[in-house]
Structure formats: structure tokens, C-alpha cells
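Residue-level listing of the chains:
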Amino acid sequence: MYHITNTLSQKGFQAMFFSIDSANGVPIYEQLIRQVKLAVADGVLSGGQMVPSVRHLANELAINPNTIQRAYQQLQADRVLEVVRGRGLAVRRDALDRCTKARNTLVANALERLLADALAGGMSAGELRTLFEQELQRQSQ
């Protein structure tokens, strides 16, 4: 199942999109954690900005509120989100560096797995460079 939601419908929230794929093998709460961290690293979410409530997001994504609560608790433990008394959860003002590092680590890990598979499959470094440059150019357009 694949969901995309725009949280703009709840008053006071910046547009933010979540894509959830329950068939990709990554737990849904981890997908939410990654997407919030990526949104902070990319500047879609900024320090002080409120995130959707558990109830609202559960309704929008049609997933269990406990899953969202678990993701939010981990994001608080990772010092990405903080409680704003009487209002809910907001992005910490000092979260950008941590989220940028998390994004870079995710990309580095994915690249490491991809390169290991490609090299084990018999591709040369030159073939990989060519493919990388072609794809980078295509995605940059």
C-alpha cells in the first residue's frame, strides 16, 4: 500500500508529504522518521515549525496512531522534535545539522550497498562511473 499525504490541511502546518510503502520491507515508523529527518535536512521543515498531531497524521495516512507515536518518540530521542507545551511537537531549532548528517549517512549506506552489489555482479568501476554520471545528469535536469 502506498500513501501520499499533504499535511497542509491542518491549520498552521507547512505542506509536507509523506510516502508510505508497506511492501518495501522498511517498518512504517522508520519510513516516517527518515522522511521527517530528510524534510528538515532539505529545509521543508525548519526549526520551530509544528508537525502534524498523531491523530491527524494517522487519519491522513490511514495507519495506526501507535506507529506514528513510536516515530515521534524516536524523533524526540534523536533530538529532532521537541514538545511545545499546549501546542504539540515542533522541530528543534538545532536539528538541521543532525538531520543533514543523518541524510548523508543514509545516502552513504545506500551507495555502499549498491556499489557492493554492482561490483559483485561483475560491473567495472568505469561502467559504474558512466552510469552514475548519466543518472546524475538526468536527475539534475
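Residues numbered from 1 in each chain as written. Predicted model: local features only at pLDDT ≥ 70, side-chain atom pairs only at ≥ 80, totals over all residues. Heavy atoms only, no water.

Asker: Before we go on, may I ask you to explain the packing of aromatic side chains in this structure?
Answerer: Working definition: an aromatic ring pair is given by the centre-to-centre distance plus the angle between the planes. Within this structure, the stated rule accounts for zero aromatic pairs. Taking NZ or CZ as reference, Arg70 lies 3.7 Å from the ring centre of Tyr29, over its face. (Phe/Tyr/Trp six-rings, centres within 6.5 Å; stacked < 30°, edge-to-face > 60°. Lys NZ or Arg CZ within 6 Å of the ring centre and 35° of its normal.)

Asker: So what exactly am I meant to see when it comes to the packing of helix α1 (residues 28-41) against helix α4 (residues 95-120) here?
Answerer: Each pair of packed helices gets described by two things: the angle between the helix axes and the distance between those axes. Running from N to C, α1 and α4 cross one another at 115°; their axes reach a closest spacing of 8 Å. Between α1 and α4 the crossing geometry is left-handed. Residues Arg34, Lys37, Leu38, Val40 and Ala41 of α1 form the contact with α4, whose participating residues are Ala95, Leu96, Cys99, Thr100, Ala102, Arg103 and Leu106. Here the residues of the contact of α1 with α4 sort into eight nonpolar, one polar and three charged. (Axes fitted to C-alpha atoms, helices over the stretch in contact; angles between N-to-C directions. Helix = DSSP H or I, 4+ residues; strand = E, 2+ residues; numbered from the N terminus. Left-handed = near helix turned anticlockwise from the far one by under 90°. Contact = heavy atoms within 4.5 Å. Nonpolar A, V, L, I, M, F, W, Y, C, P; charged D, E, K, R; others polar.)

Asker: Looking at this structure, how should I read helix α3 (residues 65-77)?
Answerer: Its 13 residues place the ends of α3 18 Å apart at the C-alpha level, agreeing with the 18 Å of an ideal helix rising 1.5 Å per residue. Those residues of α3 that are buried lie in contact with α1, α2 (54-61), β3 (81-84) and β4 (88-91). Taking the backbone nitrogen of Asn66 as reference, a side-chain oxygen 2.7 Å away marks Asn64 as the first, capping residue of α3. Just beyond α3, the residue with positive phi is Arg79, at close to 60°. (Expected span 1.5 Å × (residues − 1). Polar contact = N/O pair within 3.5 Å; in protein donor to acceptor, adjacent residues only side chain to side chain.)

Asker: Explanation requested: the packing of α2 against α3 in the structure shown.
Answerer: Look at α2 against α3: their axes get within 9 Å of each other, and the N-to-C directions meet at 125°. Taken together, the axis directions place α2 and α3 in an arrangement best described as oblique. Judged by the sense of rotation from one axis to the other, the crossing of α2 with α3 is right-handed. Every residue of α3 that contacts α2 at Val54, Leu57 and Ala58 is listed here: Pro65, Ile68, Gln69 and Tyr72. (Parallel < 35°, antiparallel > 145°, perpendicular 65-115°, else oblique.)

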